[in-house]
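Spelled out, the chains give:
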Amino acid sequence: QSRIPFTLGEEKLAGMAKEVADWAPVFLDVDPVHGAWFALHCERHGLHFPSLRFILTSYEYTSVVHRAIMERVFGVPVINLYGSSETGHLLVEHAGAMLASPETAILESTSAEGFGELLVTTLTNPYLPLLRYEIGDFVESTPDGYRVHGRKRDALRSADGRTLTTRLIDQAFARISGIAHYQLRQKADGSAHLFLLPEAEGDSLTLAQAKLTAELSRHLGTAVPAESVSLIAPEDSGKFRLTVREAA
């Protein structure tokens, strides 16, 4: 029930683990940041849940960081669901891509190549029909399905004017270990700063910082300093943003 999982005490996390063990669910349905933080608690205490078959994530962008932690700890697939309050679920992850339900909505992208804005025409809500609704996210259409690139408002801008989506930034973290969560903030003048939350308090992220600052500096075309922090706060809605472009 906490908006900020990093502030949860060990007693609360232990209570959550006991509930999972008592109920023996087939799957967990989690916000990815909360799910990853809970997984780290379970790893520290050697907790396992044999009944689990998969984990569902939704509500916000699921980072490769959060996915790797949950898959490592729980040993089951992480399946991402995508949708909105206005449209309901639109996409479900399968074999590395996101598959659409043709009975729920008609999906279009504003770009035939690369990524573009997702447009949604709903088919199942007669009380609030939506026609080419601009949902506010970037997606990429592929022969295997869709790839979600994150919120349009969260896309960053490189020094040479390229749009860098949350997905493009997140790929830099694919082979980085020791990080529980992160946020890359870019100011209106193009400068950026990376905040890293370690998996455990006091962990050194020196090597990870060096790799990430080099990779992200290459993407953005400007130096990106990084620092370890003990807290990264969500928005008022409770959503965590991996990339933030600040207003002028």
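Everything here concerns the structure above.
From a predicted model like this one, the values you see are computed outputs, not experimental measurements.

A. Molecular detail of the sheet that holds strand 13 (residues 192–198). Spatially, the four strands line up as an open sheet ordered 14-13-12-15, and their pairing is mixed. The open sheet has two free edges, formed respectively by strand 14 (226–228) and strand 15 (243–245), since each of these has just one partner strand. For this sheet, the mean inter-axis angle between neighbouring strands, taken without regard to orientation, is 20°. Taken together, the three bridges between strand 13 and strand 14 define a ladder with parallel strand orientation. Of the residues in strand 14, the one forming a bridge with Phe195 is Glu227.

B. Examining the nonpolar core more closely. Core analysis: the largest hydrophobic core is formed by 50 residues, its most contacted members being Phe38, Phe74, Phe173, Ile179, Leu184 and Leu194. Examining the composition of this core, we find that seven residues originate from one element, helix 2 (residues 32–44), more than from any other. Contacts of Ile179, omitting those with residues within four sequence positions, involve Val65, Ile69, Phe173, Leu196, Leu197, Glu199, Leu205, Ala208 and Leu212. Tyr82, Ala105, Val139 and Tyr146 belong to the second largest nonpolar core, which has 12 residues in total.

C. Local environment of the packing of aromatic side chains. Here the structure, examined in full by the defined rule, presents eight aromatic pairs. These aromatic residues form a ring-pair network of at least three members: Phe6, Trp37 and Phe240. The ring centre of Tyr59 lies 3.7 Å from the NZ or CZ of Lys239, which sits over that ring.

D. Examining the environment of Arg151 more closely. Along the chain, the position of Arg151 falls in strand 9 (residues 145–151). Spatially, the C-alpha atom of Arg151 lies 14 Å from that of Arg185, the residues being 34 residues apart in sequence. Those residues in contact with Arg151 that sit more than four places away from it in its chain are Ile135, Gly136, Asp137 and Phe138.

E. Molecular detail of helix 5 (residues 206–220). Here helix 5 spans 21 Å end to end across 15 residues, near enough to the 21 Å set by a 1.5 Å rise per residue. Taken together, the buried positions of helix 5 are occupied by Ala208, Leu212, Thr213, Leu216, Ser217, His219 and Leu220. Considered in projection along helix 5, the buried side chains sweep an arc of 150° and stay on one side of the axis. Away from the buried face of helix 5 by more than 90 degrees, exposed residues Leu207 and Arg218 are located. Along its buried surface, helix 5 packs onto strand 10 (156–157), strand 11 (163–164), helix 4 (166–170), strand 12 (179–186), strand 13 and strand 14. Gly221 lies just past helix 5 and shows a positive phi near 75°.

F. Quick look at the layout of surface pockets. When its volume is computed, the largest pocket comes out at roughly 980 Å³. Lining the largest pocket are 39 residues, with Tyr59, Glu60, Tyr61, Tyr82 and Val148 sitting closest to its centre. Secondary-structure elements contributing two or more residues to the lining of the largest pocket are helix 3 (64–74), strand 3 (78–84), strand 4 (88–94), strand 5 (97–100), strand 8 (133–142), strand 9 and helix 4.

Reading guide: rules and limits
- Residues numbered from 1 in each chain as written.
- Predicted model: local features only at pLDDT ≥ 70, side-chain atom pairs only at ≥ 80, totals over all residues.
- Heavy atoms only, no water.
- Pairing = 2+ DSSP bridges.
- Helix = DSSP H or I, 4+ residues; strand = E, 2+ residues; numbered from the N terminus.
- Axes fitted to C-alpha atoms, helices over the stretch in contact; angles between N-to-C directions.
- Core = buried A, V, L, I, M, F, W, Y, C linked by side-chain atoms within 4.5 Å.
- Buried < 20%, exposed > 50% of the residue type's maximum accessible area, 1.4 Å probe, protein only.
- Contact = heavy atoms within 4.5 Å.
- Phe/Tyr/Trp six-rings, centres within 6.5 Å; stacked < 30°, edge-to-face > 60°.
- Lys NZ or Arg CZ within 6 Å of the ring centre and 35° of its normal.
- Expected span 1.5 Å × (residues − 1).
- Arc of directions from axis to C-beta.
- 1 Å grid on protein atoms, 1.4 Å probe; cavity = no way out; pocket = protein on both sides within 12 Å on 5 of 7 lines; lining within 4 Å.
- Points joined across faces, edges and corners; volume = space filled by probe spheres on them.

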